[in-house]
Amino acid sequence: MIDIQLIRDNSAEVIRRYEVRNFDATGPVNRIKELDATRRQTQKQLDDTLAEGNAIAREIGQLFKTGRSSEAAALKEQSLLLKQRAKDLQEQLDMAAKELSETMTGLPMLPHHSVPPGTTEADNEIVHTEGDLPGLFNNAVPHWELAGKYDIIDFEAGTKVTGSGFPIYKGKGARLQRALISFFLDEAAQAGYTEYQPPLLVNADSAFGTGQLPDKDGQMYHVPSDNLYLIPTSEVPVTNIFRDMILNEKDLPVKCTAHSVCFRREAGSYGKDVRGLNRLHQFDKVEIVQVTHPEKSYQALDEMVNYVTTLLQKLELPFRVARLCGGDLGFAAALTYDMEVYSAAQKRWLEVSSISNFETYQAQRMKLRFRSQDGKNLLAHTLNGSALALPRIMAALLENNQSEEGISIPAALQKYTGFAIIS
RNA sequence: GGAGAGAUGGCAGAGUGGUCGAUUGCGGCGGUCUUGAAAACCGUUGAGGUGUAACAGCCUCCGGGGGUUCGAAUCCCUCUCUCUCCGCCA
């Protein structure tokens, strides 16, 4: 949710900035201005009515105290009239406030100035590429074949036990998965992130706070008997730890990391996107989350991109960094960098991390504030990124490191796996 | 799942229909004292909205929602959550 003050101050500028998302905000913005004015005006009338009622009630109290209760009848009648008027005004106010809130939450985050124009991922701006692009991988076998060859991931068993998109890792495959989780968590701890183990189910308030509800309702698994949602990412429980909080400025930035299993319904996905490990209903991910001072959030975003870069370097995977264009930018994000690794057999880039600055979008929804040095309560900025999502890292490791002898494990991981090769 | 108790400001804990946004203690902040610190003493200290040049003023909020009343933190209904006991159980 954007700050309504921006619309009050300069609505034309707001509309202009939305253009990079290919979004015409004229209608909603003008409606918001109307509703905002109505709301304030009605609020004033209501307050005055209530003030008058309070004065009369006090007066009646005095009459009772001094034993002149018989004189209160006229005042009581007047009070009842005011009460009815207040009720009507309250209804008007509620209607305006409700529509205002709905219209506000219907607006995506204002894009950062650096967001490039464009409509699809083809328009994303590649800001960095690193590592040897493996031309030598002409005979590379895709990971779903390697998985069977070395008996490390059983897709069929997963389909039988649950359904498609729920693979079962086995033997060295399971061990490699566990190694990656430990590696990522240890690295994050070293970079100053505090480790959390959050719940995998969240309530509706939390899902609203980070922006999954109401818009991405269908992407989450829902448990109706308890009205809880399986988390699509640990961003949801971790960021919501700070919901309805006023932090001290000196406690910023807050840096958290968490491993969790993630659940996504992925309704509407098909084809090569869902082959093998490319897109799953259940997968593991280590996430990093920051809550920062508004003036330092872009510095934090750069720091997070740099941090994920070091992970990919240690895993010796070729990768590139893309700044998402307006059309590809998520609803809640002001600026997002995608990190993509090259997958030798599929010969394409796989997104393994998405690092976003939400500015006040989530903070506004969850009332996450901090007390500044001059005593004001201001909205904080929230950011998060994958560091990293496991399945596609696994896919790239398998495909890129294959040889006649087997699949070699990057040096940085060997102390976690306890083996150097899968053969 | 069954029975009972409870939910008040950062925390602890009063308040049971009429200036109660709420006594008090702790904590926090500012000050006096001190070379400095501690102790002591004095003052200050919730959030949101509206309003103002800035103050002031006004409104709302005592877990959520609804009701009774001229007037509710206080009475009634309902939901949620927490605690204790029993049952079940990794």
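Scoring rules and cut-offs
Residues numbered from 1 in each chain as written. Chains lettered and ligands numbered in written order. Predicted model: local features only at pLDDT ≥ 70, side-chain atom pairs only at ≥ 80, totals over all residues. Heavy atoms only, no water. Pairing = 2+ DSSP bridges. Helix = DSSP H or I, 4+ residues; strand = E, 2+ residues; numbered from the N terminus. Axes fitted to C-alpha atoms, helices over the stretch in contact; angles between N-to-C directions. Domains from an automatic or database assignment. Buried area = accessible area lost by both parts, 1.4 Å probe. Salt bridge = Lys/Arg side-chain N within 4 Å of Asp/Glu carboxyl O. Nonpolar A, V, L, I, M, F, W, Y, C, P; charged D, E, K, R; others polar. Buried < 20%, exposed > 50% of the residue type's maximum accessible area, 1.4 Å probe, protein only. Near = heavy atom within 4 Å. Polar contact = N/O pair within 3.5 Å; in protein donor to acceptor, adjacent residues only side chain to side chain. Contact = heavy atoms within 4.5 Å. Parallel < 35°, antiparallel > 145°, perpendicular 65-115°, else oblique. Left-handed = near helix turned anticlockwise from the far one by under 90°.

Before going further, it helps to spend a moment on the sheet that holds strand 11 (residues 319-323). As summarised here, the arrangement of the eight strands in space is 1-11-12-13-16-10-9-4, forming an open sheet in which the pairing is mixed. Each having just a single partner strand, strand 1 (125-130) and strand 4 (194-196) make up the two edges of the open sheet. Within this sheet the neighbouring strands show an average axis-to-axis angle of 25°, counted without direction. The sheet contact formed by strand 11 and strand 12 (residues 335-343) spans five bridges and is antiparallel. Paired with Arg320 across the bridge in strand 12 is Glu340.

A word on the domain arrangement of chain A. For chain A, the domain assignment lists domain 1 (4-105) and domain 2 (121-422). Its C-alpha centre places domain 1 at a distance of 44 Å from the equivalent point of domain 2. Taken as a group, Val20, Arg21 and Thr105 account for 87% of the area that domain 1 buries against domain 2, more than any other trio of residues on that side. Connecting domain 1 to domain 2 are zero salt bridges. A breakdown of the residues in the side of domain 1 that touches domain 2 according to their chemical character gives one nonpolar, two polar and one charged.

Under the criterion given, the structure shown has 15 salt bridges. Of the charged contacts in the structure, one is a salt bridge between Glu13 and Arg16, with a shortest N-O distance of 3.3 Å. Taken as a pair, Glu13 and Arg16 lie in helix 1 (residues 4-18) at a separation of three residues, close to a single helical turn. A salt bridge links Lys285 to Glu287; the nearest nitrogen and oxygen atoms lie 2.5 Å apart. With respect to burial, Lys285 and Glu287 carry one shared label: buried. Among the charged side chains, a network of salt bridges with common partners joins Arg8, Asp36, Arg39 and Arg40.

This next bit is on the sheet that holds strand 14 (residues 369-371). The strand order across the open sheet formed by three strands is 8-14-15, and the pairing between neighbours is mixed. Both edges of this open sheet fall to strand 8 (246-248) and strand 15 (377-379), since each of them pairs with a single strand only. Sheet twist, expressed as the average angle between the axes of neighbouring strands with direction ignored, equals 40°.

Glancing now at the protein's contact with RNA strand B. Close to RNA strand B lie 20 residues, the nearest being Arg39, Asp47, Ala57, Ser79 and Arg369. When the atoms of RNA strand B within 4 Å of the protein are grouped by moiety, sugar and phosphate amount to 71% of the total. Within the side chain of Asn54, a nitrogen or oxygen atom sits 3.1 Å from a phosphate oxygen of RNA strand B. Within the contact set of RNA strand B, a phosphate oxygen lies 3.2 Å away from a side-chain nitrogen or oxygen of Asn377. For the surface near RNA strand B, the secondary-structure elements that each account for two or more residues are helix 2 (26-65), helix 3 (73-105) and strand 14. Take the surface near RNA strand B: its biggest share by element is twelve residues, from helix 2. Tallied by class, residues from the surface near RNA strand B come to six nonpolar, five polar and nine charged.

Here we come to the side chain of Gln290. Topologically, Gln290 is positioned in strand 10 (residues 282-292). Judged by its relative accessible area of 1%, Gln290 falls in the buried class. Of note is the side chain of Gln290, whose polar atom sits 3.1 Å from the side chain of Tyr193. Not counting chain neighbours up to four residues away, the residues in contact with Gln290 comprise Tyr193, Pro253, Val254, Lys255, Ala300, Glu303, Met304, His381, Thr382 and Leu383.

What follows concerns the packing of helix 2 against helix 3. Helices that pack against each other are described as a pair by the angle of their axes relative to one another and the distance between those axes. It is the contact of helix 2 with helix 3, at a shortest axis distance of 8 Å, that shows an interaxial angle of 155°. Considering their axes alone, helix 2 and helix 3 lie roughly antiparallel with respect to each other. Note that helix 2 runs across helix 3; the crossing there is left-handed.

Attention shifts here to unusual backbone geometry. Each neighbour pair has its own omega, and for Leu252 with Pro253 the value is -5°, a cis peptide bond. Put simply, Ala387 and Leu388 share a cis peptide bond, and its omega is 5°. With respect to the element layout, Leu388 can be found in strand 16 (residues 381-389). Positive phi, normally seen in glycine, also occurs at Asp151, with a value near 60°. Here Asp151 shows up in the loop between helix 4 (143-149) and strand 2 (153-154). Residue class for Asp151 comes out partly exposed when judged on its relative accessible area of 42%. The residue Glu316 is not glycine, and still its phi comes out positive at about 60°. Residue position: Glu316 is located in the loop between helix 9 (297-314) and strand 11.

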